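# Residue-level structure breakdown
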Amino acid sequence: MADALSVVLSFPPENVAKLSAKKYEEEVHTYMKRLNQLPPTTWTKAIDKKNLLDFLNPEVNSLPYLATLRAQTDTVGKDRKAIEHLVNQCAVFFATFDPIQVRYLGSQWTELVVWLLDILPKLGISDHSTVTTAMLRLDPTAGTFTSTHLRLLRACLQAGVPSQALPILDKDIYAFPVDQRKEIPDELLSEDVELSNGFITPKSGFTIKLKPEYVLEYYLLGAHIYIGRRNFSRARLFLEYVVLHPSQQQTVSALQVEAYKKWVMVGLLAEGKSYPLPKTHGAGVMKNIRAVAKPYDVLAECFERRDWRKYQAEMDAGTQTWHEDGNLPLVKEASTALIRYRVMDLQKTYATLPVSRVAAYLGFKPEAALQYLLDVISSGHLHASIAPSHDNSAANAVLRFHELTPSMTNLTADNELAAQTKRIEDLATYVRDADRRLQLTKEYVEHQKRQRRTGPDADLADQMDLTWDAPVPGLGEEGDEDIMAS
Amino acid sequence: MAVNGALPPPTFDLDAWANNYEGALLPLRLAHVATRCPPLARQSLTTAISAAKTGKNVQLYMRLCELAGHLGLDDLRTPDEAWVSKQDEGNKRELSRLEGELRGYKNNLIRESIRMGQEDLAQHHLVTGGPLPDLSNPQSLSTAGYNAAYQAFGKMRDYCTTPTHMAAMTLRLVYSAVLMAVNAQQTGGSAMHHFNSVLANASRLRTAGVKEEEQVKLTPIAIAMTGIAHLGQGNYRDAAASFRYTPAEYNNLGPIHGADFGRLVASANDIAIYGGLCSLATLSRQELIDKVLGGTFRVFLELEPHMRKAISLYTTAKYQACLDTLQRYYSDWSLDVFLGAAVIAGGNGSHVDRLFALIREKSITAYFSSFSEVSLASLASTFPPTTYAQTAMEDEVLSMIDSGRLDARLDALNGVLIAPKSDVRAAVHAEAKRAAEEVERTLLLRLHKVNAALAGLEIPRSKAGGGVGWGEVAAMGDGVY
């Protein structure tokens, strides 16, 4: 048994920090081979009456630790105490594991996460931070979409703790796992890859095979959470992801229709009008979506005209529809928002005006209007104050709009702009990466070839290949073509 | 005429004014004066009817008599039946003679003769007012009246052999189109497409392809008529530009191909007024100084010193004096057949009213721009409200703010108009932030699209073919678990 332990502890070697990436790779592979040769009972049997885990340091011996945990979760049985003990050890492991080592045992890592997500609700634990920590430790950007993303989101929603998913949700997805192309040599797993989609691939075991609907579902659920948290700009982004998701032959998914409906309502709530359609929308897809989501467009039209009565009538007439779509709360909320926007519109025209005028404009009684204004002001939607009249009547009170002073100081504004710049610069890296991958696809190469064939009609400057290298001697014209075609 | 409101007498003398004009438009001008200005109704109709009687247009004569009846001028209302039947008879005989001649020419296939025969026929339609429409057939409306003349002139095109012929024909087309437009306005029809014909023909006139010395005589007419057409369509900015570029030769141009547009349609003085008003209503102060007072249009303005004065007053920020000056000539201008026409067929308000309102609005905006706060009372004393309602000034200001023409906020309690203070730095910051967020969002969306396509995660084609793929939801299931 002690032999097994020595095998298990044989990695990493003392000089691990000095190993070259290639050498490290070799070491790992030999080590893995040796681990595989050990009897499966190694992981579950106690050594000197102690659990194997106690001999291992999760930070240094991440591979065996993971394998042990994984094996023990299978055999743990129904003993609540044992399970809780394992969960605690999982927490320790997920907080400290070596993110390079686990890349070699991706599927086990994922299985462990799934087990954990499964077991948490059974134990009545609603804290999902273990999983988010694990995901961020594996990939600090959480930018490569995996099935784990969606699993976490579903688990959080089922447990009724949507905000727990935020650490992952707040990260932007910049890639989906794709197979590395055969033409380019595989990067070594242990190497510091610039982007996480370098090691999270369909073969890595960190995700199951993705389907389009998983992606749509992830964004739609995410949007729900953001709407609930009143983070409308983020909700808008997520909904637009869904609506703009590419499709073949203008097929529309029901999830897209749902997203569009929410998108319309979010626009009304956040800005008082529909968001402009993103420029990259597909006209055909949009037409199909709109044909099904007509009632929402009508609502938006009433809203934008600030026609409260018509909106109210539409809302009452379509109660059944809103209810079935699960949007009734949103529609109702927009109805109150409409009155608020009507009041807010007043500040574009007036600096000061008596409450009686507001009341007449809204069709309220002066007392009700006064109360309403007080509510809107105290909720922070309106930058204004109300001065009571001498005779204390509601009608003669005065509503005074304040200048729209930006609440931030110059310093915070500068900081915010700087942060925004940083975000866009980061984004540019991802875009370049996607661009590079795009240029390696067959379709792109074919498109380029067709471009070349267009002949003298096209602009000469477009035809010139700026990245052209001097031809290698001995390689004829045809050889060149072959490379292009492969 | 549907434009309501009786006008006080103008500053000019009617006879002297009428002496400036001739041709088929003169009786129409006088009719316009008669409808708008009761004190002058008798005098102008008398002149109009006697002018009509020296011509051959029986329809016009009858219409003027009818108008006299409407206005209660009983001595003028009874038409001279003997003259009417005699003239009508003569017109018909002349028409059949011309048609017969034309038929003969066509049989002989001599192009030049056909062209001249066609022209004679068209001219005849023009002076007699064309054939009467057949009331049972609504289609015939388009070939009755001045339309007949317009179409007959148009038929000359096939038989024109030189650019000069073409130019002469186009010139006549322009004139007939103007006539049709005015006629339509007075009978309550829409003049829009007639003005479009004016625009189209006037632009042809500018590129007639004739010799240089002929072209310099055509261009002023073409530009001035373009301006009038834009004015008639309510495009004051385009009208201002056209009038501004009208060459000074328009003044005293004399007859071109037998038509003196200065007397037939609009004199150089008229052009000065039209151009001045349209410019005042649409151009900024600097543009007025550079392009109107300082440009070639100055020559026209010399003809109408009060117009020039009004523009100078405006450019020196003496808005009240400017508006007062304009107001003094309100009557004169409203009696003009082009300026006084209703903006919308059958609607209230003439081009003069519209232009005055625009100038007033611009003045208020310009006046307010130099203050941070102005009380409504002082605004009302500088710009006396046009109506007598209690809240006239407030309503006017509110509608201007609502439509975005005036950047201000109203303090309804104290009756003060306040200029919004803007923190430029903060505004730029907010704008930059907004733009950056937009860029970020767009980039993310495009990245998502490219990535999804690269990973083969497109929404697959639905088996049902097109439409919404509801199947997607069912397939989703719990496959992930």
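Structure: above.
A few points on the structure. (Residues numbered from 1 in each chain as written. Chains lettered and ligands numbered in written order. Predicted model: local features only at pLDDT ≥ 70, side-chain atom pairs only at ≥ 80, totals over all residues. Heavy atoms only, no water.)

## Topic: the overall build of chain B
Operational definition: Numbering of helices and strands runs from the N terminus; a helix is a DSSP stretch of H or I covering at least four residues, while a strand is a stretch of E covering at least two. Contacts: residue pairs with any heavy atoms within 4.5 Å of one another.
Broken down by element type, chain B carries 24 helices and four strands. Once the C-alpha set of chain B is aligned to its principal axes, its extents read approximately 100 × 70 × 50 Å. In chain B, 64% of the contacts between residues at least 6 apart in sequence involve partners at least 24 apart.

## Focus: the interface of chain B and chain A
For the record, the criterion: By convention, the term buried area covers the 1.4 Å-probe accessible surface removed from two parts as they join, with the contributions of both added. By definition, a salt bridge exists where a carboxyl oxygen of Asp or Glu is found within 4 Å of a side-chain nitrogen of Lys or Arg.
Each partner contributes residues to the interface: chain B has 54 residues there, and chain A has 73 residues. Carbon and sulfur atoms make up 65% of the surface buried where chain B meets chain A, a total of about 5,800 Å² over both sides. Taken together, the connections running from chain B to chain A amount to four salt bridges. Linking Glu240(A) and Arg441(B) is a salt bridge whose minimum nitrogen-to-oxygen distance equals 2.2 Å. Sorting the residues of the side of chain B that touches chain A by element identifies α22 (392–402), β2 (409–411), α23 (424–454), β4 (468–469) and α24 (471–476) of chain B as the ones contributing at least two each. If one sorts the elements of the side of chain B that touches chain A by residue count, α23(B) sits on top with 22 residues.

## What to know about the sheet that holds strand β3 (residues 384–387) of chain A
This is how it is decided: Strand pairing requires that DSSP identify at least two bridges connecting the strands. Here an angle of 0 to 180 degrees is reported between the N-to-C directions of two axes, which are lines fitted to C-alpha atoms, with helices fitted over the stretch in contact.
The six strands lie next to each other as β3(A)-β4(A)-β2(A)-β2(B)-β3(B)-β1(B), forming an open sheet whose pairing is mixed. Every other strand in the sheet has two partners, leaving β3 of chain A together with β1 (373–375) of chain B as the edge strands with one partner each. Put simply, the sheet's adjacent strands are angled 25° from each other on average, direction ignored. Strand contacts of α22(B): β2 (350–354) of chain A together with β2 and β3 (416–418) of chain B, with the helix running at about 150° to β2(B), the strand carrying the most contacts.

## Some words on the pairing of strand β4 (residues 398–401) of chain A
Across three bridges, the pairing between β2(A) and β4(A) is antiparallel. Counterpart to Leu353(A) in the pairing with β4(A) is Leu399(A).

## Remarks on empty space enclosed by the protein
Residue and element names in this part refer to chain A. Here is the rule we go by: Any residue with an atom within 4 Å of a point lines the site, the site being either a cavity, points on a 1 Å grid over the protein atoms alone where a 1.4 Å probe fits but cannot get out, or a pocket, an open set with protein on both sides within 12 Å along at least 5 of 7 lines. Grid points are joined across faces, edges and corners, and a volume is the space filled by probe spheres set on the points. Ten residue types, Ala, Val, Leu, Ile, Met, Phe, Trp, Tyr, Cys and Pro, are classed as nonpolar, four, Asp, Glu, Lys and Arg, as charged, and the remainder, Gly among them, as polar.
Using the criterion set out here, one finds two cavities of 30 Å³ or more in the structure. The calculated volume of the largest cavity comes to roughly 80 Å³. Together, Trp109, Met135, Leu138, Asp139, Ala142, Thr144, Thr146, Thr148, His149, Ile200 and Phe206 line the largest cavity. Here the second largest cavity is characterised by a volume of approximately 30 Å³. Lining the second largest cavity are Glu240, Val243, Trp263, Leu277, Pro278 and Met286. A breakdown of the residues in the lining of the second largest cavity according to their chemical character gives five nonpolar, no polar and one charged.

## Focus on the environment of Ala18(B)
Among the secondary structure elements, Ala18(B) is positioned in helix α1 (residues 14–18). Separated by 30 residues in the primary sequence, Ala18(B) and Ala48(B) have C-alpha atoms spaced 9.6 Å apart.

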